[in-house]
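# Summary of the model geometry
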Amino acid sequence: MDKIALKIRIFGDPVLRKKAKPVKQVTPEHRIILSEMARMMYAEQGVGLAALQVGICESMIVVDIGKGLYKLINPVITKKEGFQYIEEGCLSVPGICIEVKRAAKVTVKAQDDDSKPLIIEAEGLLACVFQHEIDHLNGKLIIDRASIVDKLKIKKRLEQLKKRSEHEK
Ligand code: NI
């Protein structure tokens, strides 16, 4: 694969509700996709992006909260501790920012893009972003974790996004 043209998928696109498949073997193609995902994340000033958000149904994420880039394959949370509330946005749900309850500390098990196993301990914002991106790999979005009040507040905006997404098909 020499050329790659990925697009960030917006709420209403059914791919966002799929479950990512584990990557059995890391190939040069996976490395190209991860690099392109990182480029797109920086271009959109995001702090994380999951492969499903660019239409690829495989278990891969990129994360950078300004302290270094993580390119993770098959990430899973193996330990959670405490809780925190952080306002979150999502490149697939533009214009929406909601407070989400997350674990305060997490341990993430994954592989890097050379298949090397990794164990990452994270807290605060980094822990939050890992949980957000791993949610994406399970077809879950921040809007699913919104309070009832927030769900009502964002209802109209979601309808707009859904229409836009249908229009783009
Ligand atoms: Ni997101």
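Computed from a prediction, not measured in an experiment: that's the story for all the values here.

Below, the discussion takes up the coordination of the nickel ion. Coordination sphere of the nickel ion, protein contribution only: Cys90 (SG), His132 (NE2) and His136 (NE2), at 2.1 to 2.2 Å. The sequence motif formed by the donor residues of the nickel ion is C-x41-H-x3-H. Taken as a pair, His132 and His136 lie in helix H2 (residues 124–137) at a separation of 4 residues, close to a single helical turn. With relative accessibility at 8%, the residue His132 sits in the buried group. The buried category is assigned to His136, whose relative accessible area is 2%.

On to the pattern of salt bridges. Per the stated rule, a full pass over the model turns up 11 salt bridges. Across the salt bridge formed by Arg17 and Asp144, the nearest N and O atoms sit 2.7 Å from each other. Residue Arg17 is located in the segment before helix H1 (28–43), and its partner Asp144 is located in the loop between H2 and helix H3 (148–167); the two are separated by 127 residues in the primary sequence. By relative accessible area, which is 40% here, Arg17 ends up partly exposed. A relative accessible area of 30% places Asp144 in the partly exposed class. Each of Glu88, Arg102, Asp135 and Arg145 takes part in salt bridges that share partners, so that together they form one network.

Cut-offs applied
Residues numbered from 1 in each chain as written. Predicted model: local features only at pLDDT ≥ 70, side-chain atom pairs only at ≥ 80, totals over all residues. Heavy atoms only, no water. Donors = N, O, S within 2.8 Å, 3.2 Å for Na, K, Ca; no water. Helix = DSSP H or I, 4+ residues; strand = E, 2+ residues; numbered from the N terminus. Buried < 20%, exposed > 50% of the residue type's maximum accessible area, 1.4 Å probe, protein only. Salt bridge = Lys/Arg side-chain N within 4 Å of Asp/Glu carboxyl O.

None of this, on its own, says anything about what the molecule does.
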